[in-house]
Amino acid sequence: MPELTLPVLFRDRVKEFGEEVALREKKKGLWRRISWNEYDTHVRNFCLGLKSLGLQKGDRVSILGENCPEWLYADLANQCAGGISVGVYPTNSYPQVKYILDHSQSKFVIVKDQEQADKVLVIKDQLPMLEKMIVIDMKGLRKYDDPIIKGFQEVEEIGKRIHEKTPSFFQKMIEDTKSEDVAIIVYTSGTTGPPKGAMLSHQNITSVLDSFFQVLPVSRADSLVSVLPLCHVAERLFSLFIPMKSGCTINFAESIDTLQADMTEISPTIFLTVPRILEKIHSTVTIKMQDAHPIKRWAYDQFLPLGQKVAERKLSKQGVGLLLGLPYFVGYFLVFRPLRNRLGLLQVRECVSGAAPLSKDIMKFFHGIGLMVKEAYGLTECTGVFSMPSGNDIEIGTVGKPLPGWEYEIAEDGEILMKGPAVFAGYFRDEGATQQAKRGGWLYTGDIGEFDERGHLKITDRKKEILITASGKNIAPSEIENRLKFSPFIKEAIIIGDRRPYLTALIQIDFDNVADWAQRKSIPFTTFKSLSRDPEVYKLIQEEVDKANKELSRIEGIKKFLLLEKELDRDDDELTATMKVRREMIEKKYGELIETLYR
Amino acid sequence: MPELEVKALTINFGGIKALNGVSFSIEHRQLLGLIGPNGAGKTTILNIINGVYRPSSGNVFLDGQDMIGLKPHQIAEMGLARTFQNIELFKNMTVIDNLMLGRHRFIQSGILSGSFFLGKCLKEEMGNRDRVEEIVEFLEIEAYRKKIVRMLPFGIQKRVELGRALSMDPKILLLDEPCSGMNTEETEDMARFILDIKEERGVSIMMIEHNMEVVMDIADRICVVNFGIKIAEGNPKEIQGDPKVIKAYLGED
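The rules we used
- Residues numbered from 1 in each chain as written.
- Chains lettered and ligands numbered in written order.
- Predicted model: local features only at pLDDT ≥ 70, side-chain atom pairs only at ≥ 80, totals over all residues.
- Helix = DSSP H or I, 4+ residues; strand = E, 2+ residues; numbered from the N terminus.
- Rg over C-alpha atoms; globule rule 2.2 N^0.38 Å.
- Buried ≥ 20, exposed ≤ 12 C-beta atoms within 10 Å, placed from the backbone.
- Contact = placed C-beta atoms within 7 Å.
- Core = buried A, V, L, I, M, F, W, Y, C linked by C-beta atoms within 7 Å.
- Domains from an automatic or database assignment.
- Nonpolar A, V, L, I, M, F, W, Y, C, P; charged D, E, K, R; others polar.
- Pairing = 2+ DSSP bridges.
- Axes fitted to C-alpha atoms, helices over the stretch in contact; angles between N-to-C directions.
- Parallel < 35°, antiparallel > 145°, perpendicular 65-115°, else oblique.
- Left-handed = near helix turned anticlockwise from the far one by under 90°.
- pLDDT = per-residue confidence, 0-100.
- Expected span 1.5 Å × (residues − 1).
- Arc of directions from axis to C-beta.
- Right-handed = clockwise from strand over helix to strand, strands pointing away.

Trainee: It is not clear to me how the overall build of chain B should be interpreted in this structure. Could you clarify?
Mentor: A count of helices and strands for chain B gives 10 helices and 10 strands. The C-alpha atoms of chain B give 19 Å as radius of gyration, which agrees with the globular expectation for 253 residues (18 Å, within 12%). Its C-alpha atoms give chain B principal-axis dimensions of about 65 × 40 × 35 Å. Per-residue burial over chain B gives 37% buried out of 253 residues. A sequence separation of at least 24 residues applies to 66% of the contacts in chain B between residues at least 6 apart.

Trainee: Got a minute to help me understand the nonpolar core in this structure?
Mentor: Taken as a class, soluble globular proteins show a tendency for nonpolar side chains to be buried jointly. Residue and element names in this part refer to chain A. One finds Ala77, Ile185, Ala505 and Ile507 to be the most contacted residues of the largest nonpolar core, which totals 159 residues. Looking at this core element by element, the count peaks at eight residues for helix H9 (residues 233-246). Non-local contacts of Ile507, meaning those with residues more than four positions away in its chain, are made with Leu484, Ile490, Ala493, Ile541, Phe561, Leu563 and Leu564.

Trainee: I tried to follow the interface of chain B and chain A on my own but got confused; where do I start?
Mentor: For an interface, size is often stated in terms of accessible area lost upon the parts coming together. Every contact between the two is made by 11 residues of chain B and, on the other side, 10 residues of chain A. The biggest single contributor to the side of chain B that touches chain A is helix H5 (residues 119-138) of chain B, with four residues.

Trainee: Can you walk me through the environment of Gly405 of chain A in this structure?
Mentor: Residues and elements named next belong to chain A. Structurally, Gly405 can be placed in the loop between strand E16 (401-402) and strand E17 (407-410). Judged by the 14 C-beta atoms lying within 10 Å of it, Gly405 is partly exposed. Measuring from C-alpha to C-alpha, the distance between Gly405 and Asp75 comes to 27 Å, with 330 residues separating the pair along the chain. Other than its neighbours up to four places away in sequence, Gly405 contacts Ser207, Asp210, Ser211, Gly420 and Pro421.

Trainee: Just to check I follow, could you spell out the domain arrangement of chain A for this structure?
Mentor: All names here are of chain A. The domain architecture assigned to chain A consists of domain 1 (6-178 + 216-254), domain 2 (273-419 + 450-463) and domain 3 (466-596). Look at where the C-alpha atoms of domain 1 and domain 3 centre, and you get two points 40 Å apart. Between domain 1 and domain 3, the residue contacts involve five residues of the former and four residues of the latter. For the side of domain 1 that touches domain 3, a count of residues per class yields one nonpolar, four polar and no charged.

Trainee: Help me understand the sheet that holds strand E5 (residues 65-66) of chain B in this model?
Mentor: Note: strands within a sheet are paired through backbone hydrogen bonds, in either parallel or antiparallel orientation. Residue and element names in this part refer to chain B. A sheet is described by the order of its strands in space; here four strands give the open sequence E2-E1-E4-E5, paired in antiparallel fashion. At either end of the open sheet lies a strand with only one pairing partner, and these are strand E2 (16-26) and E5. With five bridges joining them, strand E1 (residues 4-13) and strand E4 (residues 57-62) adopt antiparallel strand pairing. Directly across from Lys7, in E4, lies its bridge partner Asn59. Helix H1 (residues 42-49) contacts E1, E2 and E4 of the sheet and is inclined by roughly 115° relative to E1.

Trainee: What's the story with the domain arrangement of chain B in this structure? I'm lost.
Mentor: All names here are of chain B. In terms of domain boundaries, chain B breaks down into domain 1 (1-79 + 170-253) and domain 2 (93-168). Between the C-alpha centres of domain 1 and domain 2 the distance comes to 27 Å. Tallying the contact residues gives 11 residues for domain 1 and nine residues for domain 2. Ranked by residues supplied to the side of domain 1 that touches domain 2, first place goes to helix H7 (residues 184-201) with four residues. A class-by-class count of the residues in the side of domain 1 that touches domain 2 yields eight nonpolar, one polar and two charged.

Trainee: Where do I start with the sheet that holds strand E6 (residues 80-82) of chain B in this structure?
Mentor: Residue and element names in this part refer to chain B. Reading across from one edge, E6-E7-E8-E3-E9-E10 is the order of the six strands in this open sheet, with mixed pairing throughout. Both edges of this open sheet fall to E6 and strand E10 (229-234), since each of them pairs with a single strand only. Within the sheet, the average angular offset between the axes of one strand and its neighbour, ignoring direction, is 15°. Bridge count for strand E9 (residues 221-226) against E10 is five bridges, and the pairing is antiparallel. The residue bridging Asn226 from the neighbouring strand is Ile229, located in E10. In this fold H7 packs onto strand E3 (31-35), strand E7 (172-176) and strand E8 (204-208), with an angle of close to 155° to the strand it touches most, E8. Packing of helix H10 (residues 243-250) onto the sheet brings it into contact with E9 and E10, and relative to E10 it is tilted by some 130°.

Trainee: Would you explain unusual backbone geometry in this entry?
Mentor: Where the residue is not glycine, phi is negative for most of them; where a peptide bond is considered, it is trans in most cases. In this structure, Arg499 of chain A takes a positive phi of about 55° despite not being glycine. Residue placement: Arg499 of chain A occurs in the loop between strand E25 (490-496) and strand E26 (503-509).

Trainee: How should the pairing of E25 of chain A be read in this particular structure?
Mentor: The two faces of a sheet get side chains in turn, since along a regular strand they alternate between them. Residue and element names in this part refer to chain A. Taking burial as the measure, the seven residues of E25 include seven buried ones, the bulk of the element. Alignment of E25 against E26, held across six bridges, turns out to be antiparallel. Bridging from a neighbouring strand, Glu492 pairs with Gln508 of E26. A loop of six residues connects E25 with E26, the two strands running antiparallel in sequence, and Arg499 in this loop sits at a positive phi of about 55°.

Trainee: Hey, could you run me through the packing of helix H1 (residues 6-17) of chain A against H9 of chain A in this one?
Mentor: How two helices pack is summed up by the angle between their axes together with the distance between the axes. Residue and element names in this part refer to chain A. Relative to each other, H1 and H9 sit at 50°, their axes nearing to 8 Å. Classified by the angle their axes make, H1 and H9 are oblique. Two packed elements cross with a definite hand, and for H1 against H9 that hand is left-handed. Where H1 approaches H9, its residues Leu6, Leu9, Phe10 and Arg13 are matched on the opposing element by Phe241, Met244 and Lys245. Of the residues in the contact of H1 with H9, the class split is five nonpolar, no polar and two charged.

Trainee: Honestly, the confidence of the model for chain B in this entry has me stumped. Any pointers?
Mentor: Close inspection of predicted coordinates is inappropriate in any region flagged by low pLDDT. For chain B, the average pLDDT comes to 91, and 99% of its residues sit at 70 or higher. Model confidence for the complex is summarised by a pTM of 0.87, with the ipTM given as 0.79.

Trainee: Any chance you could explain H5 of chain B here in plain terms?
Mentor: Each α-helix turn comprises 3.6 residues. Residues three or four places apart therefore point the same way. Residues and elements named next belong to chain B. For H5, built from 20 residues, the straight-helix expectation of 28 Å at 1.5 Å per residue is met to within 8% by its first-to-last C-alpha distance of 29 Å. When H5 is considered as a whole, its buried residues turn out to be Val132, Ile135 and Val136. Along the axis of H5, the buried residues cluster in a sector spanning 100°; they form a single face. What points out from H5, more than 90 degrees from its buried face, is the exposed set Gly119, Lys120, Lys123, Met126, Gly127 and Asp130. Looking at the buried positions of H5, the neighbouring elements they touch are helix H3 (95-102) and helix H6 (154-166). Just downstream of H5 lies Glu140, where phi reads positive at about 55°.

Trainee: Help me out: how do you make sense of helix H14 (residues 360-368) of chain A in this one?
Mentor: All names here are of chain A. Ile362, Met363, Phe365, Phe366, His367 and Gly368 are the residues of H14 that are buried. Of the surrounding elements, those touching the buried residues of H14 are helix H11 (275-291), helix H12 (294-315) and strand E14 (373-375). Gly370, located one to two residues past H14, shows a positive phi value of around 95°.

Trainee: Please clarify how the environment of Glu279 of chain A should be interpreted in this entry.
Mentor: All names here are of chain A. Take Glu279: it is sitting in helix H11. Considered as a pair, Glu279 and Lys485 are 206 residues apart in the sequence and their alpha carbons are 7.7 Å apart. Aside from chain neighbours lying at most four places away, what touches Glu279 is Ile362 and Lys485.

Trainee: What am I meant to see in the pairing of strand E5 (residues 108-111) of chain A here?
Mentor: Residue and element names in this part refer to chain A. Covered by surrounding structure in E5 are Phe108 and Ile110 together with Val109 and Val111, the residues of both alternating faces. Relative to E5, strand E3 (residues 60-64) runs parallel, the two sharing four bridges. Opposite Ile63, over in E5, you have Ile110 as the bridge partner. In this structure, E5 lies alongside strand E6 (residues 132-135), joined through four bridges in parallel fashion. Its bridge partner lying in E6, Phe108 is registered against Lys132. Handedness of the β-α-β unit built from E5, helix H5 (residues 114-123) and E6 comes out right-handed.

Right, here's the structure in full:
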């Protein structure tokens, strides 16, 4: 009896579903179906191909590129052979790629296209462990004659020949995978310091699946669009792990530019997202509505508050009643249904937001249009998800109750501690950090939180990010930042105030929306910089800040702010790969500017 | 044998000698950059090769066959495609329709089967669409497929025009200022596409371009014309150091 691992689950699903659709990929303008059997063939051939290239059990294989079926084939194939997969963000610059390939001591790297291949070619001489680079899309690379390059199909061909000779070899490998073996290493985005590689075992994965399905059962009929980077543990959970248990369908959009249209065509039933995307959808809808036909605009303005009222009733478990229900019914057909259809979110039955705290206002907006967004909480180190609201038991501002199977505790200083089979195996090649994170069997999350009377967990902030003002008041900046980011004109806000007399903010305007506003007001501008410097724009943002201040306590109010004259960028180390702000870096970089706010 | 050979082209417009004995050739899979100051006669050369003008004297050979006297559509049939300095697309048609038009030379079914969209015609249409989709993917214009060309940004329109030329499956591609009016990023993308067309599809290319950085970066050979006369030819390095070229661009001191 083989142990329970991801490859074993995969084999079982292939047996169960055979010719039914497992993946869809839009190519040449048409959605192409990939059945479980085809999925299996690709994984098998690539796995045997890797094996013949010299993959040994426990070897690390990195995957670098945007989401595509081959990403999943490579990941599973590697795991079937007992290898450990390491995802790398396609947006990483080559020194960042080098850090991960070097630290993980990867033997192979699988890259999507020329853009990614070029990064690896620059650094390959500094990576003595790297033996082969396998390229999925060879476009533009055929003239390169570097012996390190191999085509993805070429490797599959090798595997195919091996399978014809020894047909049982692949099955044997799957059966040999052990549940305590490390399956993947996920490099954390690291808002402070270099990324750390969290090792997740098959047992971590299967146990998180078990508890996840108790709260959010996924079935064969569900379908998802794979959008967020697969190297992030949450997207991996939704696009790779969950289908292995449920057999749901994963869809790959044609390109990032066609995502919106592709979403509408697929109309997924489960939507995993991050606050940044929800903020973007909200601000786009808000701005687009200004251009809409007056009747449409009127309907939107009338029905949105109604939708929110209905959502509030539903959340507090009250009946909606005929007085609200009837107009809501009208609003549904006039506004909410077409709007959600346009966004590709009409069929969504479960919408989960994670990875960063979500503002309450954004959440209320989506609930208002009938999309019951729920916020989940988890870490890479706990295999993705620790707590999530169950069913319609959503309390805005909390992340629901911990999933079954977790033991948990709030430490004296408010830090959340957890214990369970999904706690990671440790950081790769970093014993010190592992001991720091896992003490006495508990995982120290570094997050401050508390439980309310109904047992819902409320996350205050990252422990490191809590500000203590000069008057000794503890302040969680993320909540204030999120309140500011609710404005369609504000894209990023960083609250400053640690050991300072009052709070200030660095604000990055949302270029598209502010530019649109400026054009309406006939304010001339040329670049992001000139727009940020415009006094009228400053006034606009001042109004937005004032609005936010009204909802905050006096001590949390923002006294002064300034507008950043350039957009924060990953390449300048100001954002992490998941677009989180690197506070320390920014405070250092803009130190002098910040001082001007306290004069 | 060179793929395209131009021999002693001369053309007079009224009393003006726009070209005077210009000769050059393009080998298979070569990218020839044609440069020169404004009014040097670059586009005129393109128009002669393409059959729009008939030269006063001189010859143009495609695969050894003389093309002087042939009509532009006959020359297109032979596998020569071009783009224009000012975009010449069908502005009120969609991107896909514009590209499908490029497949015209491969359509064999007649009016009758076409009007009922039956059998052979349907099969042909599907085959052509498949090719066109390949080009859409190649040029990364998936998001614009069904958009009306008029509504698209300039840089994308340029890409669509290149796509239409490509959908003819040409042996030789003539590009008239493919990067004009583009920002740095669009220019970089375009340069990469041109290189990929040469490498991946084995198409020989002749390109007029004013952006010297692009020409020096991607051309295999460069031919310089000034006042209708070829003043230099060679690889980018040679051209950069050629005193006659420097003089033509910067003037005499």
